[in-house]
Each structure stands twice: as C-alpha cells, then as structure tokens.
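# Architecture and fold: a report
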Amino acid sequence: MRDALVLVPALPLAGFLILFLSMGALKRGAVAWIGVGSVGLALVAAVVAATGFWRHGAAPYTQTLYTWLSVAAFVPRVRFYLDGLSLVAMGVVTGVGFLIHLYSAEFMIDDEGYSRFFAYMNLFVAAMLILVLADNLLLLLLGWEGVGLASYLLIGFWYGESLNGLAARKAFIMTRLGDVAFVIGLLVLFNRLGTLNIQDLVRNAQAVWVPGSFWPTLAGALLLGGALGKSAQLPLQTWLPDAMAGPTPVSALIHAATMVTAGVYLVARLHGLYALAPAIERLIAVIGAVTLLLSAFAALVQSDIKRVLAYSTMSQIGYMFLANGVGAWSAAIFHFMIHAFFKALLFLAAGAVIQALHDEHDIGRMGGLRRQMPFTFWSFLIGGAALSAFPFITAGFYSKDLILWDAFASPLGGPAFWAAGLLGAFLTGLYTFRLIIRVFLGPAKSKIGRRPGWLMAVPIGVLALLSVVGGLLNIPSLFGGGAQFTHFLAQVLPAQALRPGVRAIEPDLETAAIGASLGGIFLAFLLFLHAPQWVEKVKSTVAGAALARWWGAGWGFDRLYEGVVARAYAGWARANRDDFVDAGVDGVVEGNRLLHQLLRWTQTGHVRWYAMAIALGAMGWFWLAVLS
Amino acid sequence: MASVLSEGLAVSALLFAIGLVGLLARRNVIMVLVAIEIMLNAAGLAFIVAGARWGQADGQIMFILILALAAAEVSVGLALVLQMDRRHATLDVDALSDLKG
C-alpha cells in the first residue's frame, strides 16, 4: 500500500502535462475534471500511502524510482521518503490543495485562462509534493525551484496588467536571492560530508562536526538564506504583500498554506544539522520574533483585504521560525498545519467577498456583509478566531499556545522571545478583528453580486471545520489532553527538555496568552466599532499619520532596498555600460579589421596577378629549400 | 640511363617555364588555357621520365591521371570561355576583375 506514494506527486504532474500540452483546447468541464481530479486522486493516493505507513508501525519508508545521475560518489536518486514529518506536509499539501482546487473550479469559471490556471496549479502541487517527499537535497531543490516557478507564473497570471508582471518578477528575484545561498549551502554540505541524502547527511554531520564549529554554522546559515526567501522572513520578506496580485486561490494555496511554509519545513527537516549550529538557531528565533512583530504592526494599517492577510501570513510564519529557533520543531509543524487550515479558509472566504463585491479589495469600501453573506461571515469569523488564537474552541489557540510555551520553557528560549510572541498574539487579535469589523459589521456600503455556489462553499465549510477540530489533535496535558500530534512527531522531531522550574508557572503563562488574545479582540471592538473617533484622532496627528504611512508601506523596506541596493546596482550598471569584459573581445575584432584592411589590396581580381603570386611564392619556397 | 633522366627533366623544366611565361604573359583566355595544358604536360613528362628511370609503372599511371584531369579541365575551361564570351563579349582575362577586394 505504501507503493502508492509515487502516485501522489505523479498524478498532479500528469494533470499538468495534459492541461499544458492541450494548450487550452479542452472544454471547461474537462479542464475542471482533470485539474481538480488529479489532485483529488493524489489525495486518495496519499491516504492509501498513509494507511500503509500506519500498518507498518509508522516506520520510515523509502521508495526508489531510479538513479538520477551517477558521477563518482555523487549518486542522487529520485527517491521519496515518508516519515511522520513528510506525512503531515503531504497531507496538508494534498488535502488543502484539493479543497482549493475545488474552490477554484467555480471561482475561476469566467476567466479566459481557465485551462492555463489549472495547469499551473497542478504543476505547483506536483513540485510541492516533490519538495516535501524528497529523500535528498538535490531532489528537494528540484521541487523548491518548481514551486518558485509555479509561484511566478501564478502571481503574474493576469499578465495583461504590467503591475502583476512586476510583482511576479519581484517575488521571483527576491526568492532567488535566498536560493543562491541555498545552492551554495548544498555544495558546502556535499563537499564536506560527501552526500546529499538527508538522513545520511544529518548522521554524518553529527558524527564529524562539533556543535558550534565553523562548517555546520556556515552550512546552516546558507540553507537558512533559502528558507528566509521562500518563507518571506526578514530581510527577504518584501515580495509577499505584492504577490497578492495573483488570483485569490493562488494566494490561499501558495502564499499562505503551503509554499511560504517550505522554509519552516526545511529547517525542521534538517533539525539535526541546526542542532549543531546554536548560533544559527538563535538567529532563526530572533528573525522569527522580529518578523512576527514587524508584520503584525504592518497588518494593522493595511487597507487591502488580501494585504492584511499577507502580512498576517508573514507574522504567523514568524511564529513558526521562532518555534524552530527555540528547538520546538513539532510545535512549528503543528502551527504550519493549523495555519494552512485557517489561513486558506480566510483567503477563500476573502475571495468570495472580493467576487461578491465585483473585485473590490479596499476594506474601506466594504461593510455590513454579515447579513448579506452569512455563510461567508461565519466562516471568516471562525478563521479569524483561529488566527487570533481565540481560547479553547479554535485550533489556532492550541498551536500558537504551544509555540508561546516552548518559546518560554525551552532551554534555547527565554522571557524575551515569549514576550515578543505574546505581543504578537495581542496584535493578531487586534488586526484580525479590525478586518472582520470593517468588512462584515457596520452599515452596508454596496450591493453584492454573486454569492458563492456549493463548489466554493464546501471547501470553505470543510476548512472552517478543520480550523476548529484540528486543535483536538494536540491538546496539552494542562487542559487534560494527550498531545497526540507531538507524540506522533516525536520519532522524527525529538521533544526538547524543559528548563528547570518552568512547569510550575505554566498556568500563569497560559492565562497571559489567553489574556493577550482576548485583549486584542476586545480592543479591536472598542477601537474600530464603538469608538472609531479615537482612531481618527490618532491618525489626524502628524506623528500618527506618519506612523500609519510607515507601517502601511511595510516599514519602508521597499524604499530602503530601492535606495541602497537597486540604486547602487543601477549606478554600477550605468558606469560599466561598455562592459570591461567586452573590451578584450572588441580588441580582437578591431585587430582583425586592421589586418583585413592591410591584406585587402592583394585581392585585385586579376587572375594573372594571382598566378604570378603563386609562381613567385613557389619559387621562393624552392629557393629556401635549396638554400637550407 | 642517367642522361635520360637529366635530359628528360631538362625538357620538362623548359616546357613548364614556357607554359608559365605563357600563362603570365598572354591575356587571351584561350592562350592561357593552352599554357596550362603545356604546364600539365611538362609535369606528365617528368613523371614518365622518372618512371622510366626506376622501371616503375607509377609514372605512367600518374600520366594517365594527369591526362584525364587535363581533359576534364579543358571541358570546364572551354565552357567558361563560352560563357565569358556570351556575357562579357570579351576573351581578355584582365577585363574581368569583379572579385576585387
């Protein structure tokens, strides 16, 4: 049964090939059946493989397809590896991916590029599955670049608008910056350890390298570069808000649920390597904490519904990085899964709102949709509650709470990380309910068009259900649960020892976390529903307006990069307009031209002249031969 | 026998020189072709003489090869002469210098 593993990436790949090679010749119905069906069958194959995995006592399973290439000791194979970690990631990609495909079948129905859309989406799912199932880092890189390509193609899906193309290019270039470091990291690892197979590599590293020494730190830092680019963390985070130019299902699948969390997956996958580089672990935790705070502040002032969600995605991935950095790998993966549920839900519900309001993205022009779109409202509310970690009933509470607890209790963590996470949780409640209040409460401002049909409603409903019951998988022992998810992953991602004495204050920490989340929600109702004049008053001051502008532009990172990096690069390009490397090549050309001018006069066009030259030349050679 | 070689080669060299001078000096394309024929035969004579000197058949084989070559060359050459006359209405080789560099 575990053999079905190969079908999981193969089916979406086949779907992509059929849709891509048919070049739009298929009817919409056929496109939807192929595009959605291939991912649906992949989900079935994933379930079959997972069942087989359970039957064999959850032992890691490898499936070798063929040897990719064989050069001396460098023998990467196309081989899939299934363990608890890749099982969770595979389940999220196929499960959430299938729901979003189903939603897209209706959402994109009026779009001219229907077939192209599903071709790219299937390509993305196939590449993402290769990424999570890869047994070696080279195959992982293939999936890694494949999802980058699909992301580029789908951000620029409506290529008629030049801004969309620019956003796609920005996303591609920013992630590529990290990927360069990633590839160099692969070379360093292969050069030092002689293998790219993930399991062997980690084992070799632990046998050869001393914790904290130079090589693991360098390799960890280089691989982290790739993870930062993909997961939109500081300092490579600026592409994600612009990536919202793509269709909403794309934002839900790629830029919320799966691709942007690939960095989290990578760090968790290589946790054995990062355990040897404590400095880099600390860096990961700091980057995660700073990103989660910066993007939470930025989300507070956005006016585009999708940009709010984009900044919130960055913030939530910041939580996952924080968890990875303090050694709470399974907490990061749990939040990855729950976040995929509720953020996909929020994006899909936002897509329904945007479509109902005729492509309106500005939350200033929304309002009062609660009565007109009750189903979307309740789903969005559930997703928003999960995002802001509403206590006890939402899954987001349990996953975020686990991260906060580990940030405090882990020997690598500490009160500062915990405080950053707590402030982030407060801000999350604030900006999430600001969004909900602006969109769904208050007076109605516009008439709505199409309400979501059942193809869109079913995925939203299922994700809303998952956003609630997902938490049951991992209820901590403090609340009388069994923390099954953490135990299940413990084979792959070992639990950290706690700092001494922290168990005693666990109830106090939980109370603080609940207080932060509820406090944020309460403040949102106070500021944005009951007393909006206070917000207006702050905004009308000079400092308040400047702050809003600064946060609104994502802390001005775009202008910083434009001013420092892009301007300097453009200046250098202008200065080197004639390309000093070309000067040598041009010199050869000039020399040849000169020789040509010199020899031109010998070509008189007179046959007898040539005959004379031949005769004289022959005589000259004979003369030389006789003389010598 | 030695004198056959040296005398034969002397005649061959003389023929070759006559042909070369004719090639360089004459402007009529027919005469140029005739000069080339003389030079080819000079080379052929040198082969025959050398073959006779060492009692080998190779010299005669080479002469037959040259003969065939000369026949082919003349046929192409005369076709060119015909075209030259038709297109340029001249047989002067110096008049044709379109390929000047």
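These numbers come from a predicted model, not from an experiment. (Residues numbered from 1 in each chain as written. Chains lettered and ligands numbered in written order. Predicted model: local features only at pLDDT ≥ 70, side-chain atom pairs only at ≥ 80, totals over all residues. Heavy atoms only, no water.)

### Examining the packing of helix H11 (residues 262–269) of chain A against helix H14 (residues 305–325) of chain A
All names here are of chain A. Where H11 meets H14, the axes come as close as 10 Å, and the angle between the chain directions of the two elements is 10 degrees. Taken together, the axes of H11 and H14 are roughly parallel relative to one another. Counting all contacts with H11, which are made through Gly263, Val264, Val267 and Ala268, the residues of H14 involved are Ile317, Met320, Phe321 and Asn324. Each residue belonging to the contact of H11 with H14 can be placed in one class, and the counts come to six nonpolar, two polar and no charged. (Axes fitted to C-alpha atoms, helices over the stretch in contact; angles between N-to-C directions. Helix = DSSP H or I, 4+ residues; strand = E, 2+ residues; numbered from the N terminus. Parallel < 35°, antiparallel > 145°, perpendicular 65-115°, else oblique. Contact = heavy atoms within 4.5 Å. Nonpolar A, V, L, I, M, F, W, Y, C, P; charged D, E, K, R; others polar.)

### Digging into the pattern of salt bridges
Residue and element names in this part refer to chain A. Here the structure, examined in full by the defined rule, presents 14 salt bridges over all chains. Across the pair Asp135 and Arg79 runs a salt bridge whose closest N-O atoms are separated by 3.9 Å. Highlighted residues: Asp135 in the loop between helix H4 (114–133) and helix H5 (137–155) and Arg79 in strand E2 (residues 77–82), separated in sequence by 56 residues. The closest approach of N and O atoms between Arg176 and Asp179, which form a salt bridge, is 3.2 Å. Highlighted residues: Arg176 and Asp179, both in helix H6 (residues 162–193), separated by three residues, approximately one helical turn. A network of salt bridges, in which partner residues are shared, links Lys170, Asp242, Arg307 and Asp558. (Salt bridge = Lys/Arg side-chain N within 4 Å of Asp/Glu carboxyl O.)

### Brief notes about unusual backbone geometry
All names here are of chain A. In this model, Leu234 is joined to Pro235 through a cis peptide bond whose omega is 0 degrees. In the Ramachandran plot, Ala232 falls in the positive-phi region, its phi being about 55 degrees despite a non-glycine side chain. Take Ala232: it is sitting in the loop between helix H8 (214–230) and helix H9 (239–242). Unusually for a residue other than glycine, His358 sits at a positive phi of about 60 degrees. Mapped onto the elements of the fold, His358 is located in the loop between helix H15 (329–356) and helix H16 (369–372).

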